[in-house]
Amino acid sequence: METVDILVFGAHADDAEIGMSGTILKHTRAGITVGLCDLTRSEMSSNGTVENRFLEADEAADVLGVSLRSNLGLPDRGLSATSKDQIDAVTQEIRLRKPRIVFAPYWEDRHPDHIACSRIVQEAVFNAKLRRYLPETEAVQVESLYFYFINDTADPDLVVDISDVYAGKRRALKAYKSQFTAPEIGKDIVATPINQNYLQRVEARDALLGQKRMYTYAEGFMSKLPYSVDYFLPKKGNEI
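**Looking at the pairing of strand β1 (residues 6–10)**
Thought 1: A large share of β1 lies buried, amounting to 5 of its 5 residues.
Thought 2: Burial along β1 is two-sided: Ile 6, Val 8 and Gly 10 facing one way and Leu 7 and Phe 9 facing the other are all buried.
Thought 3: The pairing of β1 with strand β2 (residues 34–40) spans 5 bridges and is classified as parallel. Within β2, the residue paired with Val 8 across the bridge is Leu 36.

See below:
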């Protein structure tokens, strides 16, 4: 059993990379263990195959330096926050990996699976701490749950400066050739929203958000709880 400090959930392989691969890379380079968990095998994607998507996901994981990448095999376009089986599967993953921090997609998005994933993870984080829920496994208290943006955005509660790792984010995203490659005449590739200059729009979004804090690039996150800090400036000696 491999545990991690941070566990990032996505409905599909590439969700986490779109929303927060810079933040993931920044943490792994700092020696913090990060795990990725894809809820589905992306079997309903218009382009690519399940087998190829696994290879692309592994390549992206290598770029990001994560400790593990798992896949729960839940139904693509069949995710439901009312499914006890699906919530239990995510609850068990949290208990298996014992993360201090969990990330999920932002709860508003044009893709219904991203919304469902967000709700499932919220339910699972709550259930994971209940010792009488699935009592055959040990309860786990997650310290914080944050939400990253995929397609839709809002004014974030906090931002992470990812300027110095942005080249790594580009490499992680480019691993998904089946998803982000523009269609060509004679090629068996269907035009979709994510192969029509989508990566350029992601980079523009990250640059625009970074501009608000004078960073070259930034990723934003939401929290349903107040963001807690001990001090607004570092302590000096024994001063309080």
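**Concerning the sheet that holds β1**
Thought 1: The sheet built from 7 strands is open, its strands ordered β3-β2-β1-β4-β5-β7-β6 with mixed pairing. Only two strands of the sheet have a single partner each, and these edge strands are β3 (68–74) and β6 (158–161). Taken over all neighbouring pairs, the strand axes of this sheet differ in orientation by 25 degrees on average, direction set aside.
Thought 2: Of the strands in this sheet, β1, β2 and β3 touch helix α3 (residues 84–97), which is tilted by about 165 degrees from β3.

**Overview of the nonpolar core**
Thought 1: Counting 34 residues, the largest nonpolar core has Val 8, Ile 24, Phe 103 and Tyr 148 as the members making the most contacts within it.
Thought 2: Counting only elements with at least two residues in this core, the list comes to β1, α1 (15–29), β2, α2 (50–64), β5 (144–148), β6, α5 (166–174) and α7 (198–211).
Thought 3: The element that contributes the greatest number of residues to this core is α1, accounting for 5 residues.

**Observations concerning the pattern of salt bridges**
Thought 1: Under the criterion given, the structure shown has 13 salt bridges.
Thought 2: Lys 84 is paired through a salt bridge with Asp 88; the nearest N and O atoms lie 2.6 Å apart. Highlighted residues: Lys 84 and Asp 88, both in helix α3, separated by 4 residues, approximately one helical turn.
Thought 3: The class of Asp 88 is buried, set by a relative accessible area of 12%.
Thought 4: Two residues, Lys 169 and Asp 206, come together in a salt bridge whose shortest N-O distance is 2.8 Å. Separated by 37 residues along the polypeptide, Lys 169 in helix α5 and Asp 206 in helix α7 bring together distant segments of the chain. Accessibility assignment for this pair places Lys 169 and Asp 206 in one class, buried.

What counts, and at which threshold
Residues numbered from 1 in each chain as written. Predicted model: local features only at pLDDT ≥ 70, side-chain atom pairs only at ≥ 80, totals over all residues. Heavy atoms only, no water. Buried < 20%, exposed > 50% of the residue type's maximum accessible area, 1.4 Å probe, protein only. Helix = DSSP H or I, 4+ residues; strand = E, 2+ residues; numbered from the N terminus. Pairing = 2+ DSSP bridges. Axes fitted to C-alpha atoms, helices over the stretch in contact; angles between N-to-C directions. Contact = heavy atoms within 4.5 Å. Core = buried A, V, L, I, M, F, W, Y, C linked by side-chain atoms within 4.5 Å. Salt bridge = Lys/Arg side-chain N within 4 Å of Asp/Glu carboxyl O.

Shape is all these values report; function is a separate question.
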